[in-house]
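Now for the letters of each chain:
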Amino acid sequence: MQQKSLNPDEIISLVGGRKYSCVLENPINNIASLENAKSSDVAFCRDSKLRKVLNQSQAGIVITTEKLASQYTGKASIISHSNPELAFSELIDHFYPEKKTLSGVQQGAYIHPSAVVHQEASIANGVTIAENASIAAGVVIMPGCVIGAEAKIGENTLLHPNVVVYAGVSIGKKCIIQANATIGSDGFGYTKSKKGWRKIQHIGSVVIGDEVEIGANTCIDRGMLGDTKINRGVKLDNLIQIAHNVTVGDNTIMAACSGVAGSTKIGNECMIAGRVSIIGHLTIVSQTIIAVGSFVINSIKEAGMYGGVVGVYPQKKNLKLIAVLNKIAETGRALWKKEET
Amino acid sequence: MQQKSLNPDEIISLVGGRKYSCVLENPINNIASLENAKSSDVAFCRDSKLRKVLNQSQAGIVITTEKLASQYTGKASIISHSNPELAFSELIDHFYPEKKTLSGVQQGAYIHPSAVVHQEASIANGVTIAENASIAAGVVIMPGCVIGAEAKIGENTLLHPNVVVYAGVSIGKKCIIQANATIGSDGFGYTKSKKGWRKIQHIGSVVIGDEVEIGANTCIDRGMLGDTKINRGVKLDNLIQIAHNVTVGDNTIMAACSGVAGSTKIGNECMIAGRVSIIGHLTIVSQTIIAVGSFVINSIKEAGMYGGVVGVYPQKKNLKLIAVLNKIAETGRALWKKEET
Amino acid sequence: MQQKSLNPDEIISLVGGRKYSCVLENPINNIASLENAKSSDVAFCRDSKLRKVLNQSQAGIVITTEKLASQYTGKASIISHSNPELAFSELIDHFYPEKKTLSGVQQGAYIHPSAVVHQEASIANGVTIAENASIAAGVVIMPGCVIGAEAKIGENTLLHPNVVVYAGVSIGKKCIIQANATIGSDGFGYTKSKKGWRKIQHIGSVVIGDEVEIGANTCIDRGMLGDTKINRGVKLDNLIQIAHNVTVGDNTIMAACSGVAGSTKIGNECMIAGRVSIIGHLTIVSQTIIAVGSFVINSIKEAGMYGGVVGVYPQKKNLKLIAVLNKIAETGRALWKKEET
């Protein structure tokens, strides 16, 4: 990686920022965490709580905020930056450029003659592509993926191994689907008949926008009549459940183990933490932030921060509730004994 | 689909109901939701809350309840029906009949010579079937499924792609298993030995009755000595965990992200909502309904509706608890301050 | 299995214990649960709550504790043992010895020429092994598994079907990975840029120690810079989420549906029940026990038992909290009405 070594000026020309205190004009040739960095590494720090770690870091160069730079007492060269994490992320990609996957269909792939696979797509061994599916240029489908009939996968999308895309699903451009994700499974819908539960056939599908990422073992059910929609720029973590006819708006991000029940509409640019449960038929406005583990049982009509495990409240109220519960646990039986006497 | 168009009389002869107000004897040729229906579509409505949507719908025909029919002010032809959802579900199947999968074993399937695969089963490329497994007539196994040794799959059961059925598992007739489900994985059992945790071998299996549906990425562990049992007509949604030696009774339905710990017995015709946790060694009687997100830590001995996030109560009491917590959060610190003074 | 029948002396010489009351020197030839055992079976009992079941069991031999043996009123031969479950577990393995899998690479496996597969490994049909991966002696890789580039799998490790091991992941010896698990997926990390969320490339990996077991459909994300670490002897159940850069210490055990957010460090020999949520950047000391469904939002600095659904407390305090909430639900509105007047 000799040709990739960078001095502070080169870093700044790549990712921005300014030389705050670059004592040594040391070139660096790798990236590392503050804790593990050597003098040939660049690290970053954006968090004031890490000031001590920052000051002790052996990194050759650290990219940090103006404020932390001004308080810095260590020996690294410092580049100040308005968004150190973004700069660092770009440097990772500099030192670890994407390996180009060879185009073409490997011999052990099963592709229906009616499927259209662009010659610049890469289809691995053990992949199955059903009739009339369409795979665009630059798509990479790793081993064991199964692409259903009529499904469409847009340019430069990457499917990690063993992803299942059901018939009719449409996935946009530049998406990344992690392993063992399921997209387009039947929604959970039955109606009572004399013979027991009767399955309601789901003739809707799933439509996924561009630049969406779907986590490992995450499930997105197809819609009953209309489609389940995961809009542009959405990022879903692992083990998430998205039920039939849900809409997740542009650039909304949702952490692991969360679940959204049927027909709920989530707005744009929401941030939903891990293990959040959202019941069905709700509307969550754009720019809503929901705290980890929350249980959302009502629509949210005003942007802001919410949380709560027994129904969701504005986060401030929720924290008060948690404090009160805490206090009750401390004062314990005294509380109701007084009530009873 | 010309031959499939239906007028009100034909609909009624297919799915029942009666002509309530069929002004125009318009034939329809597709199904749609109330919101999206055109004059050539049939829609349905069973929910009084949707009365406004119903009255404004552009559908040619709407199937609805007697009550909603009597209040209808729109222009569609109305068929009244005792179960509009059931009728609609049957109409979906009329307009979207199941595509017949061709029988036979595709070339890229790996079938052990000792396995018995009925000539009217359909085995896709990339499927592996181990020794002595038995696959009945009409079974469809989609790509990437793995069927373990001695496993049995009953007539007309459908396995979506990448399902794993471990050795010895038995699946009934007319079941549907969604993608990436795991059936028969080892139960989670260890015993302490001087060398650390010692795995307890699980020699039981999983027995799944007829007409069961298992959701995507759902896991059902095999029993330790006896079997884990998923009885006839059970419907499990996505990302559910069923631990070793659990029994789920006939026609019980369980929504996504729920989990049942070891040896718990759930009765027949229960309705268990999403994200419900049921600890081990409990008994839940038949016809129990458990609210979304509930935490069940005691057996339920009387049929009814239950809920609660800090242990489960009859739902009425649970709702009271939630209301109280809400109130506490509002009155806040005042509550304990008085206690303390 | 004639040659495998055992009399009490033979059982004791295999698994220890002493003859407490062996009236009949009956040989037994199988193992069973207390409830289902016949006179030709051995069963075990370690739980005083099962005394009645124990006394009524039809088992030929029961292995139980000294205490239960002293109170026994049934007719089986009794062997007393300091750890009946361990003894029983060893007897299961006696009657059900592991079937030896044949070594070799099946024809339908896709192995990159640069991968190193030991001749005593067993690679099934439909497995893909990428460039420079290394598979040690005695490894069994079942159908549909995908092993990424440079990944390493240690001696005698077993991968059940459709497991995905991403590039660069290292798995130790004698591990067992259940079906559809995902190991090494990208951590969930994005940084805001003007164009929306920018993916932070994860150049760390996952390192799994020896004798680890990973449950079905469980996900372990790779680290961002350093590695996610699952240390020796850890047992993870199904549908667990382990986020980027988490460390799980030696012999820690975690039940189904739990989740650990990024960079949290869990000590050795912890016992974490099902559906536990642990937020990111915490430290949990060794020998911590966490009750089912708990929500851990602070580091735990002292070993012991903890629980709580609105933040985690020492379990004693948590149980008091639950009791208080229970009581509040009973006294209901009265409580705050008094406050308000």
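Please read all numbers here as calculations on a predicted model, not as lab measurements. (Residues numbered from 1 in each chain as written. Chains lettered and ligands numbered in written order. Predicted model: local features only at pLDDT ≥ 70, side-chain atom pairs only at ≥ 80, totals over all residues. Heavy atoms only, no water.)

Observations concerning the overall build of chain A
1) Next: Regarding its fold elements, chain A presents 6 helices and 38 strands.
2) Next: Counting only C-alpha atoms, chain A reaches 80 × 80 × 30 Å along its principal axes.
3) Next: Accessible surface, chain A as shown: approximately 13800 Å² in total, 52% of it carbon and sulfur.
4) Next: Taken together, the 34 basic and 28 acidic charged side chains of chain A have centroids lying 9 Å from each other. (Helix = DSSP H or I, 4+ residues; strand = E, 2+ residues; numbered from the N terminus. Areas by Shrake-Rupley, 256 points an atom, 1.4 Å probe, with all protein chains shown as cover. Lys, Arg positive; Asp, Glu negative; His and termini not counted. Charge placed at Lys NZ, Arg CZ, Asp CG, Glu CD.)

Digging into the sheet that holds strand β14 (residues 152–153) of chain A
Residues and elements named next belong to chain A.
1) Next: Judged by pairing direction, the sheet is parallel, and its 9 strands sit side by side in the order β8-β11-β14-β17-β22-β25-β28-β31-β34 without closing on themselves. Looking along the sheet, the strands with just one partner apiece sit at the ends: β8 (116–117) and β34 (283–284).
2) Next: Where β8 and strand β11 (residues 134–135) come together, 2 bridges link them in parallel fashion. Note on β11: the bridge partner recorded for V116 is S134. (Pairing = 2+ DSSP bridges.)

Notes on the state of the cysteines
Residues and elements named next belong to chain B.
1) Next: Taken as a whole, this structure holds 0 disulfides over all chains when the rule is applied.
2) Next: Unpaired in terms of disulfides, C145 finds its nearest cysteine sulfur in C175, a separation of 14 Å.
3) Next: Taking the relative accessible area as the measure of exposure, C145 reaches 0% and is therefore buried. (Disulfide = S-S within 2.5 Å. Buried < 20%, exposed > 50% of the residue type's maximum accessible area, 1.4 Å probe, protein only.)

Some points on the packing of aromatic side chains
Residues and elements named next belong to chain A.
1) Next: The final tally for this structure, using the stated rule, is 6 aromatic pairs over all chains.
2) Next: Considering the side-chain rings of F188 and Y190, the 5.2 Å spacing of their centres and the 80 degrees angle between planes classify their relative orientation as edge-to-face. Note on accessibility: F188 and Y190 belong to one class, buried.
3) Next: A cation over an aromatic ring shows up here: K192 above the ring of W197, its NZ or CZ 5.1 Å from the ring centre. (Phe/Tyr/Trp six-rings, centres within 6.5 Å; stacked < 30°, edge-to-face > 60°. Lys NZ or Arg CZ within 6 Å of the ring centre and 35° of its normal.)

Here we look at the sheet that holds strand β13 (residues 146–147) of chain B
Residues and elements named next belong to chain B.
1) Next: Sheet architecture is open: 10 strands sit in the order β7-β10-β13-β16-β19-β24-β27-β30-β33-β36, paired in parallel fashion. Unpaired on one side and paired on the other, β7 (110–111) and β36 (295–296) mark the two borders of the sheet.
2) Next: In this structure, strand β24 (residues 219–221) lies alongside strand β27 (residues 241–242), joined through 2 bridges in parallel fashion. Paired with I220 across the two strands is I242, which belongs to β27.

Overview of the side chain of T128 of chain B
1) Next: Inspection of the secondary structure assignment puts T128 of chain B in strand β10 (residues 128–129).
2) Next: Look past the residues within four positions of T128 of chain B in its chain and what remains in contact with it is Y110, C145, V146 and I147 of chain B together with N125 and P143 of chain C. (Contact = heavy atoms within 4.5 Å.)

What about the pairing of strand β21 (residues 196–199) of chain A?
Residues and elements named next belong to chain A.
1) Next: Sheet topology note: the strand β20 (residues 190–193)/β21 ladder contains 4 bridges and is antiparallel. In the sheet register, T191 faces β21, and the bridge partner there is R198.
2) Next: Hairpin connection, β20 to β21: the antiparallel pair is bridged by 2 residues.

Focus: helix α1 (residues 8–15) of chain C
Residue and element names in this part refer to chain C.
1) Next: Along α1, the residues that are buried comprise P8, I11, I12 and V15. With its buried residues spanning 100 degrees around the axis, α1 presents them on a single face.
2) Next: Looking at the buried side of α1, the elements it contacts are β1 (18–21), β3 (41–45), β4 (61–64), β5 (77–80) and α4 (84–95).
3) Next: Of the residues flanking the end of α1, it is G16, one or two places downstream, whose phi is positive at about 85 degrees. (Arc of directions from axis to C-beta.)

Details of the environment of M142 of chain C
Residues and elements named next belong to chain C.
1) Next: Following the sequence through the fold, M142 ends up in the loop between β12 (140–141) and β13 (146–147).
2) Next: Here M142 falls in the partly exposed class, since its relative accessible area comes to 28%.
3) Next: Separated by 59 residues in the primary sequence, M142 and Q201 have C-alpha atoms spaced 30 Å apart.
4) Next: Non-local contacts of M142, meaning those with residues more than four positions away in its chain, are made with A124, V127, L158, L159, H160 and P161.

Some details on helix α1 (residues 8–15) of chain A
1) Next: The secondary structure elements touched by the buried residues of α1 of chain A are β1 (18–21), β3 (41–45), β4 (61–64), β5 (77–80) and α4 (84–95) of chain A.
2) Next: If you check the start of α1 of chain A, you find a side-chain oxygen 3.1 Å away from the backbone N of D9 of chain A, and it comes from N7 of chain A. (Polar contact = N/O pair within 3.5 Å; in protein donor to acceptor, adjacent residues only side chain to side chain.)

So, the pattern of salt bridges
1) Next: Applying the stated criterion across every chain yields a total of 27 salt bridges over all chains.
2) Next: Of the charged contacts in the structure, one is a salt bridge between E213 of chain B and K199 of chain A, with a shortest N-O distance of 2.8 Å. Of this pair, E213 of chain B sits in strand β23 (residues 213–214) while K199 of chain A is found in strand β21, placing the two residues in two different chains.
3) Next: E213 of chain B sits in the buried class, given a relative accessible area of 5%.
4) Next: Using a relative accessible area of 22% as the deciding quantity, one classes K199 of chain A as partly exposed.
5) Next: The partner of R232 of chain B in a salt bridge is E211 of chain B, with the nearest N and O atoms 3.7 Å apart. Taken together, the positions of R232 of chain B in the loop between β25 (228–230) and β26 (235–236) and E211 of chain B in the loop between β22 (206–208) and β23 put the pair 21 residues apart, joining distant regions of the chain.
6) Next: Taken together, the shared-partner salt bridges in this structure form one network comprising D186 and K199 of chain A together with E213 of chain B. (Salt bridge = Lys/Arg side-chain N within 4 Å of Asp/Glu carboxyl O.)

Nothing here speaks to function; it is geometry throughout.
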